[in-house]
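Each chain is listed here by its residues.
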Amino acid sequence: MTGVPPVVVPPIVVLGEIDSTNAEARRRAEAGEAGPVWLVGLRQTAGRGRRGRAWETGEGNLAATLLFRTDKPPAEAAQVSFVAALAVADLLAHYVPASLVSLKWPNDPLLGGLKVSGILIESGASPLGGLWIAVGVGVNLARKPIDAERPATSIATHRDSPPPKAIEAIEVLAEAFERWFGVWNMFGFPAIADAWTARAHGLGEPCIARLGSETVEGVAEGLDGDGALRLRLADGQVRRITAGDVFFGGA
């Protein structure tokens, strides 16, 4: 895309063993580190997913977090989850056919319709002003989780040759993230939303959204301007889904 600045990948710090790369990012941010820096855990002992769920990294898989500081307001900064999803989609397409890659709202990269990655965005007030942002990314490179609560897969399942090592995969991911981050900063969220929609899983299909104490059914129509999912209900009304879990068939 013309007008996007050249890609400059932040430093990558490789940690042999860590409780959680997001937890390490938080510690560094609260101690005044601004980043940007990628933190990679070759062994992660206490990984976390959305809503406090455990995230099993597994040997040979990727566990990484990008820490950076921003002056964007919180609602706008949260759009980085879509930037991260696009970066993971590019990572996957680097190693498997792009036709197998899709994105399920809000930020679940799928491979052959099955979950292959998790993205967790966390933030807080930076001692330097503005917000610190931790973009946590887990990708099943070598194997899927043993105790996955939903059907899952790995890059290795879709390749005849061995899957990439975490150290190789993070280089691809970091470069892809910087490209989409540049698009976001230069052209705003509409450009990100268009790219995300082109890879979207389940648009135009029946969808169930579980919103804590409420379950809503409808047809997924696409993204609103802020990233909310537009769900067309049976009575014709549109419900904006801003948080929750969505399900299309088995995914």
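The coordinates are above.
Attention here is on the structure that accompanies the text.

About the criteria used
Counting restarts for each chain, with residues numbered from 1 along the sequence as it is written. Per-residue local features are limited, in this predicted model, to residues with pLDDT of at least 70; the limit for side-chain atom pairs, both in listing and counting, is 80 or more; totals at the level of whole chains, interfaces and linings are taken over all residues. Calculated side-chain values reflect all of the structure's heavy atoms, with hydrogen atoms and water omitted. Think of it this way: a Phe, Tyr or Trp ring, Trp meaning its six-membered ring, pairs with another when their centres are within 6.5 Å, and the plane angle makes it stacked under 30 degrees, edge-to-face over 60, tilted otherwise. Secondary structure elements are taken from DSSP: a helix is a run of H or I of four residues or more, a strand is a run of E of two residues or more, and numbering for both begins at the N terminus. Residue burial is assigned from relative accessible area. The probe radius is 1.4 Å, only protein chains are included, and a residue is buried under 20% of its type maximum, exposed over 50%, and partly exposed in between. Counted as salt bridges are all cases of a side-chain nitrogen of Lys or Arg within 4 Å of a carboxyl oxygen of Asp or Glu.

1. Concerning the packing of aromatic side chains
Moving on, step 1. Within the structure shown, the criterion is met by six aromatic pairs.
Moving on, step 2. A ring pair is formed by F68 and F181, whose centres lie 5.4 Å apart and whose planes are at 75 degrees; its orientation type is edge-to-face. With a gap of 113 residues between them, F68 in strand β3 (residues 62–70) and F181 in helix α4 (residues 166–187) connect regions that are remote in the sequence.
Moving on, step 3. The buried category is assigned to F68, whose relative accessible area is 8%.
Moving on, step 4. Ring geometry for F82 and W196: centres 5.8 Å apart, planes at 80 degrees, overall edge-to-face. Of this pair, F82 sits in helix α3 (residues 80–95) while W196 sits in helix α5 (residues 189–198), and the two are 114 residues apart along the sequence.

2. Comments concerning the pattern of salt bridges
Moving on, step 1. Under the defined criterion, the tally for this structure stands at 19 salt bridges.
Moving on, step 2. Note that R239 is salt-bridged to E214, the shortest N-O span being 3.1 Å. Within this pair, whereas R239 is found in strand β12 (residues 238–241), its partner E214 is found in strand β10 (residues 214–223), the two being separated by 25 residues in sequence.
Moving on, step 3. Take R239: its relative accessible area is 28%, and that puts it in the partly exposed class.
Moving on, step 4. Its relative accessible area of 33% is what places E214 among the partly exposed residues.
Moving on, step 5. The partner of R240 in a salt bridge is D224, and the shortest N-O contact between them spans 2.8 Å. Here the residue R240 occupies a position in strand β12, and D224 occupies one in the loop between β10 and β11 (229–232), the gap between them amounting to 16 residues.

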